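Below are the chains, spelled out letter by letter.
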Amino acid sequence: MEAPEFRDFAKSMVDYIADYLENIRDRRVLPEVKPGYLAPLIPEAAPEKPEDWQDVMKDIERVIMPGVTHWHSPKFHAYFPTANSYPAIVADMLSGAIACIGFTWIASPACTELEVVMLDWLGKMLELPAEFLACSGGKGGGVIQGTASESTLVALLGAKAKKLKEVKEEHPEWDDHTILGKLVGYASAQAHSSVERAGLLGGVKLRSVPADEHNRLRGDALDQAIKQDLADGLIPFYAVVTLGTTNSCAFDRLDECGPVANKHNVWVHVDAAYAGSAFICPEYRHHMKGIETADSFNFNPHKWMLVNFDCSAMWLKDPSWVVNAFNVDPLYLKHDMQGSAPDYRHWQIPLGRRFRALKLWFVLRLYGVENLQAHIRRHCGFAQQFADLCVADKRFELAAEVNMGLVCFRLKGSNERNEALLKRINGRGKIHMVPAKIRDVYFLRMAVCSRFTQPEDMEYSWKEVAAAADEMEAAE
Ligand code: PLP
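The residue count restarts for each chain, going from 1 along the sequence in the order it is written. Per-residue local features are limited, in this predicted model, to residues with pLDDT of at least 70; the limit for side-chain atom pairs, both in listing and counting, is 80 or more; totals at the level of whole chains, interfaces and linings are taken over all residues. No hydrogens and no water enter the side-chain calculation; it runs on all heavy atoms of the structure.

The name given to the protein in an unreviewed UniProt entry is Aromatic-L-amino-acid decarboxylase, and the organism recorded there is Drosophila albomicans. We quote the UniProt Subunit (unreviewed entry) comment for the protein here in full: "Homodimer." UniProt positions are given in the numbering used here, feature names are shortened, and annotations may be inferred rather than shown by experiment. Here is the UniProt Sequence similarities (unreviewed entry) comment for the protein, exactly as written: "Belongs to the group II decarboxylase family."

A. Expanded view of the sheet that holds strand S8 (residues 396-398). In this analysis, strands are considered paired if DSSP registers two or more bridges between them. Under the scheme used here, helices are H or I runs from DSSP no shorter than 4 residues and strands are E runs no shorter than 2 residues, and both carry numbers assigned from the N terminus. Strand order in the open sheet formed by four strands is S8-S9-S11-S10, and the pairing between neighbours is antiparallel. Here the strands that pair on one side only, and so sit at the sheet edges, are S8 and strand S10 (434-438). The average undirected angle you get between the axes of adjacent strands in this sheet is 40 degrees. With five bridges joining them, S10 and strand S11 (residues 441-447) adopt antiparallel strand pairing. Within S11, the residue paired with Lys437 across the bridge is Tyr442. Should any heavy atoms of two residues lie within 4.5 Å, those residues are counted as being in contact. Axes here refer to lines fitted to C-alpha atoms; in helices the fit is confined to the stretch in contact. Angles between the N-to-C directions go from 0 to 180 degrees. Of the strands in this sheet, S8, strand S9 (406-411), S10 and S11 are in contact with helix H13 (residues 415-428), which crosses S11 at around 30 degrees. Sheet contacts for helix H14 (residues 455-475): S8, S9 and S11; angle to S9, the most-contacted strand, approximately 15 degrees.

B. Spatial organisation of unusual backbone geometry. With omega at 5 degrees, the peptide bond leading from Phe309 into Asp310 counts as cis. With a phi angle near 55 degrees, Glu127 is a residue other than glycine that sits in the positive phi range. Note on placement: Glu127 falls in the loop between helix H4 (109-125) and strand S1 (141-145). Positive phi values are uncommon outside glycine, yet Arg439 reaches one of about 45 degrees. Examined against the element boundaries, Arg439 turns out to sit in the loop between S10 and S11. A relative accessible area of 52% places Arg439 in the exposed class. Categorising residues by exposure relies on relative accessible area from a 1.4 Å probe, with only protein chains included: less than 20% of the type maximum marks a residue as buried, more than 50% marks it as exposed, and the intermediate range marks it as partly exposed.

C. Spotlight on the packing of aromatic side chains. Pairing of aromatic rings covers Phe, Tyr and the six-membered ring of Trp, with a centre-to-centre limit of 6.5 Å; geometry is then stacked below 30 degrees between planes, edge-to-face above 60, and tilted otherwise. In this structure the tally under the stated criterion is 16 aromatic pairs. Taking 6.0 Å as the distance between ring centres and 40 degrees as the angle between the ring planes, the aromatic pair formed by Phe297 and Trp315 counts as tilted. Separated by 18 residues along the polypeptide, Phe297 in strand S6 (residues 296-299) and Trp315 in strand S7 (residues 312-316) bring together distant segments of the chain. Among the residues examined, Phe297 registers a relative accessible area of 0% and is labelled buried. Arranged with centres 6.1 Å apart and planes meeting at 50 degrees, the rings of Phe396 and Phe409 form a pair that is tilted. Separated by 13 residues along the polypeptide, Phe396 in strand S8 and Phe409 in strand S9 bring together distant segments of the chain. When its relative accessible area of 2% is taken as the criterion, Phe396 is described as buried. Each residue in the set Phe386, Phe396, Phe409 and Trp462 is aromatic and connected to the rest through ring pairs, giving one cluster. Seen from the ring of Tyr460, Lys75 lies directly overhead, with NZ or CZ sitting 4.6 Å from the centre. Whether a charge lies above a ring is judged from NZ of Lys or CZ of Arg, which has to be within 6 Å of the ring centre and within 35 degrees of the ring normal. A cation over an aromatic ring shows up here: Arg445 above the ring of Phe80, its NZ or CZ 4.9 Å from the ring centre.

D. How the structure looks around the environment of Gly199. Looking at the element boundaries, Gly199 is found in helix H7 (residues 193-202). The sequence separation of Gly199 and Trp121 amounts to 78 residues, and the corresponding C-alpha distance is 31 Å. In contact with Gly199, other than residues within four places in its own chain, are Leu156, Val204 and Leu206.

E. Fine view of H4. Helix span, expected: 1.5 Å multiplied by one less than the number of residues in the helix. Across its 17 residues, H4 extends 24 Å between first and last C-alpha, which sits within 8% of the 24 Å expected from 1.5 Å per residue. For H4, the elements touching its buried residues are S1, S6, helix H10 (301-304), S7 and helix H12 (357-392).

F. Looking closely at the site of the ligand. Neighbouring the ligand are 14 residues; Ala148, Ser149, Thr246, Asp271 and Asn300 lie closest to it. One nitrogen or oxygen atom from the main chain of Ala148 is found 2.8 Å from an oxygen atom belonging to the ligand. Each polar contact in these results corresponds to two N or O atoms within 3.5 Å; when the atoms are within protein, one needs to be able to donate a hydrogen and the other to accept it, and residues that are neighboring in sequence are counted only if both atoms are side-chain atoms. Within the contact set of the ligand, an oxygen atom lies 2.9 Å away from a side-chain nitrogen or oxygen of Asn300. Elements that contribute at least two residues to the shell around the ligand include exactly helix H5 (148-170) and H10. Residue type decides the class: Asp, Glu, Lys and Arg count as charged, Ala, Val, Leu, Ile, Met, Phe, Trp, Tyr, Cys and Pro as nonpolar, and the leftover types, Gly among them, as polar. Across the shell around the ligand, the residue classes tally to three nonpolar, nine polar and two charged. Any residue with a non-hydrogen atom lying within 4 Å of a molecule or strand is treated as near it.

G. Seen up close, the sheet that holds strand S2 (residues 183-188). Pairing is mixed across the open sheet formed by seven strands, whose spatial order is S1-S7-S6-S5-S4-S2-S3. Since the sheet does not close on itself, it has two edges, and those belong to S1 and strand S3 (205-209), each with one partner. Neighbour-to-neighbour, the strand axes of this sheet turn through a mean angle of 20 degrees, independent of strand direction. The sheet contact formed by S6 and S7 spans four bridges and is antiparallel. Its bridge partner lying in S7, Ser296 is registered against Leu316. Helix H9 (residues 254-263) contacts strand S4 (235-242) and strand S5 (267-271) of the sheet and is inclined by roughly 155 degrees relative to S5.

Structural data, given as structure tokens:
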């Protein structure tokens, strides 16, 4: 394809994207296709001769859209949101054009340097302690990871390297194998499944600590677990504090857990994957009280801050633990400026990395902090609106405190009734939700996800839930 055709193709795609997103509300949120639907719609092998881009465009509606779950529909309430905005989409076009692989500074200085500055901008928006920011002139700084899961794993590997060094200094007679077998990390029973996976991938034990009746990890429980492990000859090294749990958006008490972990010289990683975006609003920052005790902090602008996937922001007070843990230095990756700017390949699992800071830059500039704050506040307001509708219907109850843009609710009565309700809701295909279970109580989660959501959409979604309940009662 040459430039004249590219211009036509891309312009046509921009029109298609704008039409798709502006009219997304009218599409059925959940597709009706069955597994294997797609292969019969396209040829069995790649074409020998080039096709016209117009034919490719036509196939989007024929082949792709029937199998798309429309995450940006105001009727999509599953999981947590994933972000989508025009500035981020345009930035990804430019990133695709530059198409650099910014593993070292010299591999594309702008890619590294914009990332350093954007993570400082973002850190300031959240009022992170200066120690996390590169502009403070200390060791700290930020990096864009692909996902929160990667951040949790990277932090765990940094913590592991740190503890290994400390223990070796204390016990030169112990070999790595002996020490690694004793390491133990901690997370609440409500932590995301990616934390457990980080333990598996990192080859260390992670212990699940019970949360309190509000689903929060408390300092006492963490202290007790650590003390018990110390008494059993284990070596506590890592604790994950979740701000905004996946099940119910509960906030672990960082102000309690942080000091406990610090006292025992345990690395504190804060996973604020979803709720971290809300910390750009001063009224939500009380949830991050104790942040100065953390060693690493992560949240996903790609969830709730209008930056398209993938953009998971991570800050480290002392990145050298991570950098040194992964440092393999072949000649072909060396450069003359080494040490003067971050070489982000050392801060992450893969070598290659895209120019992801562009979409952060475009979004921050084209929305401005005030509009991003307004976006968060609107979503929190919509959750409250839905919760009010829910409690006004005597058949229903809230299953957890309403936090951020998430409402956890259920029909009063058995888990089976609620399972049947959700099946009916998703079966009707007009809105989409997923369930969660805490201490054997099954409930439905209504996450506000779309930036297109209006108050009428919340009314629509509630009416859908109520209609499914009516239908169920009639069948009963
Ligand atoms: N941590 C929490 C609290 C989450 O809610 C999620 C996903 O929803 C994750 C981690 C995983 O995020 P990612 O898909 O970016 O790895």
